[in-house]
Amino acid sequence: MSLLQEERKIILNNEFVDTFDFAEVKEFVTNASKDLFISHHFKQKAKDKMLVQPRGGFPTYKKQFALYEFFVEANVDVLPLTIDSNTRLNDYATASKMLRLSEANDVDMLNGYPLVNHGYRTTRKMITHFNKPVSLRHGTPDARLLIETAIASGIFEIEGGPITYLLPYSKNFPLDKAFLYWKYVERVCANYSTLNEPINRESFGPLTATLVPPAITIVIQLLEMLLSLEEGVKSFSVSFAQNGSMTQDIVTGAVLKKLAKYYAEQIDCADAAIHLVYHQWMGAFPTNRDYAEQLINISTVIASMVGADKIITKTREEAVGIPTKEANAKTVANTQYTLRILNGLPNVVDEEEEEILTLEVQAIMQAVFNDAADTLWRKVFNSIKNGIIDVPFSPHIINHNEMITVRDAKKNIRIIKRGNVPIPDRCYAYEKAQCDLTKDTTSIVNDIIHDIGIMQ
Amino acid sequence: MSLLQEERKIILNNEFVDTFDFAEVKEFVTNASKDLFISHHFKQKAKDKMLVQPRGGFPTYKKQFALYEFFVEANVDVLPLTIDSNTRLNDYATASKMLRLSEANDVDMLNGYPLVNHGYRTTRKMITHFNKPVSLRHGTPDARLLIETAIASGIFEIEGGPITYLLPYSKNFPLDKAFLYWKYVERVCANYSTLNEPINRESFGPLTATLVPPAITIVIQLLEMLLSLEEGVKSFSVSFAQNGSMTQDIVTGAVLKKLAKYYAEQIDCADAAIHLVYHQWMGAFPTNRDYAEQLINISTVIASMVGADKIITKTREEAVGIPTKEANAKTVANTQYTLRILNGLPNVVDEEEEEILTLEVQAIMQAVFNDAADTLWRKVFNSIKNGIIDVPFSPHIINHNEMITVRDAKKNIRIIKRGNVPIPDRCYAYEKAQCDLTKDTTSIVNDIIHDIGIMQ
Amino acid sequence: MKVVTGVVGNDIHVVANRLIDLSLRARGFEVFNLGVNTYLEEFFDAVVETGAEILLISSLNGEAEGWGREVKALKAQYKNLDDLIMMIGGNLVVGSGKAEDIVPRYKKYGFDLVCHQVDLNTGLDTLEAFIQERNTP
Amino acid sequence: MKVVTGVVGNDIHVVANRLIDLSLRARGFEVFNLGVNTYLEEFFDAVVETGAEILLISSLNGEAEGWGREVKALKAQYKNLDDLIMMIGGNLVVGSGKAEDIVPRYKKYGFDLVCHQVDLNTGLDTLEAFIQERNTP
Ligand code: B12
Ligand code: B12
């Protein structure tokens, strides 16, 4: 029995789990409709049609089904399955209790769909009924059981990664464990990928969605991509969220695309398909719902200028609470309409910004590779621990929180204190030169507070 | 008594007119608050704040006042005064009757504000109360009395022109007369401009809002500008509406700005201030109000990319009927919000498209100047009569209707039949090369129908 | 069949008018298009002159209401128009209104077919169905 | 004055927490910030340990409701907390709710000041007013 098999046995040893019939699952995946694979859609779709994917998860089967009906009506391209936060913490007992309460009382006691509790047999019915690709959104450090259940259900896109689902989402879950748990996920995805179309893995670029500089986002995207391709994954999406400056978004997209290709080639994985995903504004939203719609619309315009392959949407209710299915479907319809009427987009290139950003990313990547550890995941782990990678506003204790960023006059996010991140001197000087640093500390703190709320 | 004076006497000879006290009006304009002059705002405002102006006019003083209150609440920059269609046809008797009915029954019997009937003494109270610049929107071939009343009321921006208010708005009003009536308007504006800040004149670039190629729009903008500057106007806005392709809009804006400056210099009017105004999509709107909002928002993004000095807004009700004041104010607030959060715009230049468009405009301008007539207005008149200037979908009998335009794959409007318009061969070949002309006539007709409805 | 068409009153919205012209021809009608800015008398005169069996009026800018009221009285002054099929479409009120209020009102004004904010093709399908029904004994 | 603050439960929304830290300091409070992902016991333990007079809890992801119900029972297990000013703010329900329903409910849970979707500065102004009123004999 392989190590993977052994690990599998351990995670299935759980009273809330479906009894897995792996032979049947294998057969199911082998014969599954191509339409369920987003990797297939990426290949098929005329390259200029961006796929539209909303967010959303409800506790009960019935409500999730109804949500999907709304989405299909609104002409969705990719369905989301967002998981509740108990499941994310592997607390299936609480999830089970809350699911029963939700079913009994018609009140939602969970902030997502408890996939493990519903089980793959039930969930697969829903997925195959709609016959659209489904993307699993969670935020789980130990997602091993979740991913087994997801793939068996017909969910062939898995979001997340050891860094992106940990640094923004956790205070003290051990990072080294996360790497190992995600290694399992990558392998499972890689194995199933040989049966039919590949399973797509997607990294979560938005991170804390708060003043994260593009260099950090890109480095983390590239590293999670490499960790995934290393294990044999053949279809991977790098992603990022609206930064606040149209130019910075376009530059971020261009550099991310270019370097993803470059680094994939470096590890002889040029055969893997790499896609670019754009998240509509992920930071603090305006409470005015009309304004929220303007913001969402602008995100779509920018995604088109960036040339994203997929866009993940927000709703007018974002600042207020979990969106209704109506609000959610409305965003999908509006986004599709916007993509339809948005024409004659210019091809924008900002060479200077691209060069600076490329140099920054390469320098950080080099520092990671230079770490003395023997495997990539350990190098990355060490780099986070010693602050070579530093994510602003991460709640995790391992994160250094030494880097300070502000917005310049054009709202580009700039690094004004690099901490331990090896931003090359020339780039660092450039970043600081864009900002007014003559101000006193109080003013700078006020600027940061203001910058967090720029869309409000 | 000057000719102007004589003409003034004639137009005032009308039972529905205020008795004009020109000495008092002169004093009023001389001492009027600078805030009422949009020309002053153009000078003052940091160049990067686009002014936002909605559309709107109601029959009664009370309703117009309430509309303005809504607009001010929504943080408007420029107030509109849209005139009813009876006044536009100088039918003050009907306007008066309908105004009385509207006042008595609280039902709107007019599609705008009957300014002449209200008179300048009354209207001035409203204008000075709000102390914001007001823009007069009408569509009147003979606007002489209207403009006298407007300026006496404190309205210091006058939209329109002999071509732009005639070819899209009339079937058989004599074009030569329109030129002469507008000459009067220009002179009145020029005269009052010496007293305080200049009165701003604005041309109506959208024309029929239906597949008008940028070359025609720009030529007409330039000619109306020249006719106005010739008479001594010192502040002028050229304008155009969203074309349907972002690149074509950016190119149109760039060429229009560049050539306006150039031709103004040619007639030694480099001292006049020239501004650029952008109209949110003016063609057929989607009936789905949510989609209409997406379209409006995209217009704002493009206006920013174009670098317009002012934007004129539409509402989510456009396809449905005259917008409510709530819908109208909402657009203003949304547009201001969008402008606030739209940052880091790239500077886009498309040299090839700019060159082609510049050559087209210059060729048509040259053909107009080459006309044998002695004055510019006669040259322009002849050029329209013989089809050197040809406006697609104009209902006016003088218009040739020989030019045919379609959209290419990127939704740029392209000339596939030039008629009598002297599009240079090289440009004509370029325009046609962008389109698929192997189709049969029926398919091309279907394409045109489709192109009219592209935003739906 | 012969159709007289045009846009009524001071309305100068010409785009639909051009499309109606094209679409009617494509469906095999013989079209007499008076264009925009056409007054009621001009419409009836043209019907008489051409011997048209259908009068198809557009109104977009909201002023149809005013003209509608005068249709019956005016038509009564002409002879032999009893079999004329009268159709109107576009935006039939100032501001927005409900079809269920608008349609009966315009029927009372003397129109057989009333299409408030109805798509052109749908409208013309209705027209053809109406003609066929009338011709079926 | 001493304040203990943090984000309750499994909630990891840290941005407001960082700003609250800064703002409280700017207003002259002595701040003990436990950060995100803090359980009720940890809050009360810290209050006891530091001798804080104010406990200011944030909740953003909707889970406060679940914790709120346990506040009274837990607090009863500690001594000398009767004078503790208890404040909570953020998004206090899953989905959206009305302040007029939410505020009384949380007051029943034992909070003196309840700020559902209230801006931070407004909230802190209320807190200072509350302190002043309490200190005025
Ligand atoms: C383009 C446009 C203009 C252009 C017109 C250029 C020209 N000469 O054609 C300009 C800018 C000059 C203009 C001016 C005015 N316009 Co205008 N215009 C429009 C706009 C944006 C699009 C119209 C259009 O071309 N649509 C494309 C065609 C193909 O569609 P359509 O006209 O709706 O016709 C379809 C159907 O109605 C149907 N149909 C039409 N007739 C018939 C008949 C039958 C029998 C059937 C079955 C179907 C049918 O078939 C067509 C295809 O499906 C509309 C708003 C909108 N719809 O988005 C306003 C609109 C029609 N205008 C309006 C108004 C008020 C005016 C003005 C009076 C004032 C102003 N706002 O500036 C002026 C003056 C015009 C006048 N004297 O009549 C209002 C009318 C309001 C109302 N009914 O309550 C509208 C609705 C805008 C608004 N919300 O205020 N306009
Ligand atoms: C950024 C963000 C994230 C980031 C967080 C990064 C990080 N570690 O901080 C990421 C992407 C990781 C994230 C994850 C999740 N999020 Co989140 N997130 C947001 C978002 C967009 C902005 C939050 C923010 O930073 N705002 C800026 C700060 C400054 O404002 P604030 O937090 O609202 O705080 C202000 C006030 O509330 C007030 N305040 C706060 N506390 C207190 C206390 C007192 C006493 C007073 C007076 C005032 C006060 O002061 C602040 C300044 O005015 C909000 C939606 C929004 N508001 O636009 C959703 C939101 C808070 N998230 C939500 C959810 C559900 C989640 C998830 C559970 C699931 C998911 N959707 O992915 C996860 C898991 C998190 C977990 N375990 O808790 C929901 C909560 C729903 C609810 N309450 O019903 C929201 C509202 C989004 C939504 N509509 O669904 N999120």
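Cut-off values and rules
- Residues numbered from 1 in each chain as written.
- Chains lettered and ligands numbered in written order.
- Predicted model: local features only at pLDDT ≥ 70, side-chain atom pairs only at ≥ 80, totals over all residues.
- Heavy atoms only, no water.
- Donors = N, O, S within 2.8 Å, 3.2 Å for Na, K, Ca; no water.
- Helix = DSSP H or I, 4+ residues; strand = E, 2+ residues; numbered from the N terminus.
- Buried < 20%, exposed > 50% of the residue type's maximum accessible area, 1.4 Å probe, protein only.
- Contact = heavy atoms within 4.5 Å.
- Polar contact = N/O pair within 3.5 Å; in protein donor to acceptor, adjacent residues only side chain to side chain.
- Patch = residues over 30% accessible without salt bridge, like charges linked within 9 Å, V, L, I, M, F, W, Y side chains within 5 Å.
- Areas by Shrake-Rupley, 256 points an atom, 1.4 Å probe, with all protein chains shown as cover.
- Salt bridge = Lys/Arg side-chain N within 4 Å of Asp/Glu carboxyl O.
- Lys, Arg positive; Asp, Glu negative; His and termini not counted.
- Charge placed at Lys NZ, Arg CZ, Asp CG, Glu CD.
- Near = heavy atom within 4 Å.
- Buried area = accessible area lost by both parts, 1.4 Å probe.
- Nonpolar A, V, L, I, M, F, W, Y, C, P; charged D, E, K, R; others polar.
- Pairing = 2+ DSSP bridges.
- Axes fitted to C-alpha atoms, helices over the stretch in contact; angles between N-to-C directions.
- pLDDT = per-residue confidence, 0-100.

### Let's talk about the coordination of the cobalt atom of ligand 2
Among all protein atoms, only His13 of chain D (NE2) binds the cobalt atom of ligand 2, sitting 2.2 Å from it. Of note, His13 of chain D is situated in the loop between strand E1 (2–7) and helix H1 (15–26).

### Let's talk about the environment of Tyr337 of chain A
Summarising the element assignment, Tyr337 of chain A is placed in helix H14 (residues 325–341). By relative accessible area, which is 0% here, Tyr337 of chain A ends up buried. Separated by 309 residues in the primary sequence, Tyr337 of chain A and Phe28 of chain A place their C-alpha atoms 35 Å from one another. Among all residues touching Tyr337 of chain A, those that are not within four sequence positions of it are Pro286, Tyr291, Gln294, Leu295, Met455 and Gln456 of chain B. One polar contact links the side chain of Tyr337 of chain A to the main-chain carbonyl oxygen of Met455 of chain B, over a distance of 2.4 Å.

### Thoughts on a negative patch on the surface
On the surface, a cluster of negative charge is contributed by Glu41, Glu42, Asp45, Glu49 and Glu70 of chain C. Along the polypeptide, Asp45 of chain C turns up in helix H2 (residues 40–50).

### Some details on the side chain of His138 of chain B
Residues and elements named next belong to chain B. Residue placement: His138 occurs in the loop between strand E3 (134–137) and helix H9 (144–153). Only 2.8 Å separates the side chain of His138 from the side chain of Thr140, close enough to count as a polar contact. Among all residues touching His138, those that are not within four sequence positions of it are Ile83, Arg88, Ala143, Leu146, Ile147, Ile158, Glu159, Tyr165 and Trp182.

### Some details on the site of ligand 2
Taken together, 42 residues sit near ligand 2, with Phe285, Glu318 and Gly321 of chain A together with His13 and Asn61 of chain D positioned nearest. In this structure, ligand 2 sits where chains A and D come together, each supplying nearby residues. Take Asp11 of chain D: an N or O atom from its side chain is 3.4 Å from an oxygen atom of ligand 2. Mapped by element, the contributors of at least two residues to the shell around ligand 2 are H1, strand E3 (54–59), strand E4 (85–90) and helix H6 (120–135) of chain D.

### Topic: the interface of chain B and chain C
Chain B puts 17 residues into the contact, and the matching count from chain C is 17 residues. Here chain B packs against chain C, burying approximately 1,400 Å² in sum over the two surfaces, 61% of which is carbon and sulfur. Contact with chain C buries area across many residues of chain B, yet Lys171, Val320 and Phe393 of chain B alone supply 35% of it, more than any other trio. Where chain B touches chain C, the interface holds four residue pairs in polar contact (both at pLDDT 80 or more). Split into classes, the residues belonging to the side of chain B that touches chain C amount to 11 nonpolar, five polar and one charged.

### Regarding the sheet that holds strand E6 (residues 235–241) of chain B
Residue and element names in this part refer to chain B. If you walk across this open sheet you meet the eight strands as E1-E8-E7-E6-E5-E4-E3-E2, and the pairing is parallel. Looking at strand neighbours, the two that pair on one side only are strand E1 (51–53) and strand E2 (79–82), the edges of this open sheet. The average angle at which neighbouring strand axes cross in this sheet is 25 degrees, direction not considered. Two strands pair when backbone bridges link them, and E6 and strand E7 (residues 273–279) are joined in this way by seven bridges, in the parallel orientation. What sits directly across from Ala241, in E7, is His279.

### Some details on the environment of Ile452 of chain B
Tracing the sequence through the fold places Ile452 of chain B in helix H18 (residues 441–452). Here Ile452 of chain B falls in the buried class, since its relative accessible area comes to 12%. Measuring from C-alpha to C-alpha, the distance between Ile452 of chain B and Phe285 of chain B comes to 9.8 Å, with 167 residues separating the pair along the chain. The residues touching Ile452 of chain B, leaving out its near neighbours within four places in the chain, are Thr210, Leu211, Ala284 and Phe393 of chain B together with Val15 and Leu19 of chain C.

### Considerations on the interface of chain A and chain B
Between chain A and chain B, the contact holds 33 residues from the first and 33 residues from the second. Carbon and sulfur atoms make up 58% of the surface buried where chain A meets chain B, a total of about 2,900 Å² over both sides. Between Lys330 of chain A and Asp290 of chain B there is a salt bridge, with the nearest N and O atoms lying 3.2 Å from each other. Looking at the side of chain A that touches chain B, the elements with two or more residues in it are helix H12 (246–266), helix H13 (289–306) and H14 of chain A. Here the side of chain A that touches chain B gets nine residues from one element, more than from any other, and that element is H13 of chain A. For the side of chain A that touches chain B, the class distribution of residues is 17 nonpolar, 10 polar and six charged.

### As for the site of ligand 1
In the vicinity of ligand 1 lie 42 residues, with Phe285 and Glu318 of chain B together with His13, Ser58 and Asn61 of chain C positioned nearest. What surrounds ligand 1 is not a single chain but chains B and C. Gly321 of chain B places a polar main-chain atom, nitrogen or oxygen, 2.8 Å from a nitrogen atom of ligand 1. Between ligand 1 and His13 of chain C there is a distance of 2.8 Å, counted from a nitrogen atom to a side-chain nitrogen or oxygen. Of all elements in the fold, only helix H1 (15–26), strand E3 (54–59), strand E4 (85–90) and helix H6 (120–135) of chain C reach the threshold of two or more residues within the shell around ligand 1. Classifying every residue of the shell around ligand 1 by side-chain character gives 24 nonpolar, 14 polar and four charged.

### Some points on the confidence of the model for chain C
For chain C, the average pLDDT comes to 92, and 100% of its residues sit at 70 or higher. The ipTM value of the predicted complex is 0.94, and its pTM value is 0.95.

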